[in-house]
Amino acid sequence: METAEMMRVPGARLYYEVRGSGPVLLISQSGEGDAGRSRDMVDHLAAAYTVVTYDRRGLSRSTLDDPAAGATVADHAGDVRRLLAEVADEPAFMLGCSFGAVLGLHLAIEHPEVLHMLIAHEPVAPRLLPGGLRVRQERELLELRDLYRREGLTATFAEVARVLGIDPVAQETEPDITRHPMDDRRKANFAFFVENDFAAVVEDTLEAGELAGSPVRIIPAVGRATPRTVFDHRCAVELAALLGVDAQEFPGGHNGNLTHPRAYAARVHDLLGG
């Protein structure tokens, strides 16, 4: 069974989809990904979980009351909290990918009552990094935004892929995966992500040191194919060190949930105790 719903949140309308049965598993996507971005992976999770995916505010069908107002990380994290209150009667599982993982980290500190377990796959969270590296990565995010303003989509998309250690031409994938062409909706989502969310990450107030005291079980995760030199991998490694645990390896790279949906779903299921 699959349903599509809209809900009001402060300053926006939030679109979400619910599929499957069992414990609630909310997936918060990376980048410009919306509710349908990881459908292949959801296909392999819906038999064991009630899988919830959504359009982050500003993307696709989740519209802002005032588009000029943009969205902060706190706004996005508040949306996830309200969405979980809507769909779950008890603490839920959460898979956060990249930017989506940052939202889960906020909930683990500020509203741990809504989460049972969080898989944080390569969180784009500069505040996890040591001082000099943090400053460098924050500057890099703002430089990417400025590149988009100067040169547009094609140049920026390629540079974002490089920064995240993704080779969109040569990366390995499972057979018969769904392709996500850069259609008009995805272009608009990418524009919002770069223009709004890059600055939101830089301005974020995540108190990383408080994560070690959270009652939520946080599982830092890295992609097997992600180069060890890129900052998203380093963020996950620093998170693991902070928590005193090992980072768990997942199939594929930064977007392994898209390139290896079957194997990635199996890894999620294994780590969640399935």
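Cut-offs used in this document
- In every chain, residue numbers begin from 1 and rise along the written sequence.
- Per-residue local features are limited, in this predicted model, to residues with pLDDT of at least 70; the limit for side-chain atom pairs, both in listing and counting, is 80 or more; totals at the level of whole chains, interfaces and linings are taken over all residues.
- Hydrogens and water molecules were not included; the side-chain quantities draw on all heavy atoms of the structure.
- UniProt positions are given in the numbering used here, feature names are shortened, and annotations may be inferred rather than shown by experiment.
- For the purposes of this entry, the term helix denotes a DSSP run of H or I that reaches at least four residues, the term strand denotes a run of E that reaches at least two, and both are numbered from the N terminus.
- Burial classes: relative accessible area under 20% of the type maximum marks a residue as buried, over 50% as exposed, and values in between as partly exposed (1.4 Å probe, protein chains only).
- One requirement defines pairing of two strands: DSSP has to find at least two bridges between them.
- A clockwise course of the path from the first strand over the helix to the second, judged with the strands pointing away from the viewer, identifies a crossover as right-handed.
- Salt bridges are counted wherever a side-chain nitrogen of Lys or Arg sits within 4 Å of a carboxyl oxygen of Asp or Glu.
- Two cysteine sulfur atoms make up a disulfide if the distance between them is within 2.5 Å.
- Under the pairing criterion, centres of Phe, Tyr and Trp rings, with the six-membered ring standing for Trp, must be within 6.5 Å; the plane angle then separates stacked pairs below 30 degrees from edge-to-face pairs above 60, leaving the rest tilted.
- Two thresholds decide whether a charge sits over a ring: the Lys NZ or Arg CZ must be within 6 Å of the ring centre and within 35 degrees of the ring normal.
- Each direction from the helix axis to a C-beta atom contributes to the arc, which is the arc of those directions.
- Expected helix span is computed as 1.5 Å times (number of residues minus one).
- Neither His nor the chain ends contribute to the count of charged residues, in which Lys and Arg are positive and Asp and Glu negative.
- Note on definitions: a residue-residue contact is assigned when non-hydrogen atoms from the two residues lie within 4.5 Å.

- The protein is annotated in an unreviewed UniProt entry as Putative hydrolase YraK from Planotetraspora phitsanulokensis.

**Some remarks on the UniProt feature "domain: AB hydrolase-1" (unreviewed entry) in the protein**
Phase 1: Within this numbering scheme, the UniProt entry marks residues 27-129 as carrying the feature "domain: AB hydrolase-1" (unreviewed entry).
Phase 2: The straight-line gap between the two end C-alpha atoms of residues 27-129 is 24 Å; of that span, 31% is helix and 19% is strand.

**Points about the pairing of strand 5 (residues 92-97)**
Phase 1: For strand 5, the buried fraction is high: six of the six residues fall into the buried class.
Phase 2: Going residue by residue along strand 5, you find Ala-92, Met-94 and Gly-96 tucked away on one face and Phe-93, Leu-95 and Cys-97 tucked away on the opposite face as well.
Phase 3: Both strand 3 (residues 24-28) and strand 5 contribute to a ladder of four bridges, which runs parallel. By the bridge assignment for strand 5, Ile-27 is matched with Leu-95.
Phase 4: Taking the sense of rotation as the criterion, the β-α-β connection linking strand 5, helix 3 (residues 99-110) and strand 6 (residues 115-121) turns out right-handed.

**Quick look at the pattern of salt bridges**
Phase 1: As enumerated under the stated definition, the model contains 22 salt bridges in all.
Phase 2: For Glu-2, the salt bridge identified is with Arg-39, shortest N-O distance 3.0 Å. On the criterion of sequence distance, the pair formed by Glu-2 in strand 1 (residues 2-9) and Arg-39 in helix 1 (residues 39-43) is long-range, its members being 37 residues apart.
Phase 3: Here Glu-2 falls in the partly exposed class, since its relative accessible area comes to 41%.
Phase 4: Assessed through its relative accessible area of 34%, Arg-39 is described here as partly exposed.
Phase 5: Of the charged contacts, one joins Glu-143 and Arg-139 as a salt bridge, the two residues approaching to 4.0 Å between their closest N and O atoms. Placement of both Glu-143 and Arg-139 in helix 4 (residues 131-151) is noted, with a separation of four residues, approximately one turn of the helix.
Phase 6: Residue class for Glu-143 comes out partly exposed when judged on its relative accessible area of 44%.
Phase 7: A relative accessible area of 43% means that Arg-139 is categorised as partly exposed.
Phase 8: Taken together, the shared-partner salt bridges connect Asp-34, Asp-55, Arg-61 and Arg-185 into one network.

**Some points on the environment of Asn-189**
Phase 1: Checked against the element boundaries, Asn-189 lands in helix 6 (residues 184-202).
Phase 2: Of the residues examined, Asn-189 reaches a relative accessible area of 4% and is grouped as buried.
Phase 3: Along the backbone, Asn-189 and Leu-14 are 175 residues apart, and their C-alpha atoms lie at a distance of 15 Å.

**As for the pairing of strand 4 (residues 50-54)**
Phase 1: For strand 4, the tally of buried residues reaches five of five residues, placing the bulk of the element in the interior.
Phase 2: Both faces of strand 4 are covered, namely the face carrying Thr-50, Val-52 and Tyr-54 and the face carrying Val-51 and Thr-53.
Phase 3: Strand direction decides the pairing type here: strand 2 (residues 12-20) and strand 4, joined by five bridges, are antiparallel. Each residue of the ladder has a partner; that of Glu-17, found in strand 4, is Thr-53.

**A few points about the state of the cysteines**
Phase 1: Counted according to the given criterion, the structure contains zero disulfides.
Phase 2: With no disulfide of its own, Cys-97 has Cys-235 as its nearest cysteine by sulfur position, at a separation of 15 Å.
Phase 3: What makes Cys-235 buried here is its relative accessible area of 0%.

**Concerning the packing of aromatic side chains**
Phase 1: Using the criterion set out here, one finds six aromatic pairs in the structure.
Phase 2: Aromatic side chains Tyr-148 and Phe-190 sit 6.3 Å apart centroid to centroid with 65 degrees between the ring planes, which places their arrangement in the edge-to-face category. Here the residue Tyr-148 occupies a position in helix 4, and Phe-190 occupies one in helix 6, the gap between them amounting to 42 residues.
Phase 3: One aromatic cluster is present, formed by Phe-99, Phe-193 and Phe-198 through successive ring pairs.
Phase 4: Looking at Arg-61, its charged tip hangs above the ring of Tyr-15, at a distance of 3.9 Å from the centre.
Phase 5: Sitting above the plane of the Phe-250 ring, Arg-267 keeps its charged end 5.8 Å from the centroid.

**What about helix 9 (residues 261-271)?**
Phase 1: Of the positions making up helix 9, those classed as buried are Pro-261, Tyr-264, Ala-265, Val-268 and Leu-271. Projected down its long axis, helix 9 shows its buried positions confined to an angular sector of 130 degrees, all on one face.
Phase 2: Gly-273 sits one or two residues past helix 9 and shows a positive phi near 95 degrees.

**Describing helix 3**
Phase 1: The terminal C-alpha atoms of helix 3 lie 17 Å apart, and with 12 residues this matches the ideal 16 Å at 1.5 Å per residue to within 8%.
Phase 2: All of the buried residues in helix 3 are Phe-99, Gly-100, Ala-101, Val-102, Leu-103, Gly-104, Leu-105, His-106, Leu-107, Ala-108 and Ile-109.

**Focus on the side chain of Glu-122**
Phase 1: Relative to the assigned elements, Glu-122 resides in the loop between strand 6 and helix 4.
Phase 2: Buried charge without a salt bridge: Glu-122, with Arg-228 as the nearest opposite-charge side chain at an N-O distance of 6.6 Å.
Phase 3: When residues no more than four places from it in sequence are discounted, the contact partners of Glu-122 are Ser-98, Ala-221, Val-222, Gly-223, Thr-226, Asp-232, Ala-236 and His-254.

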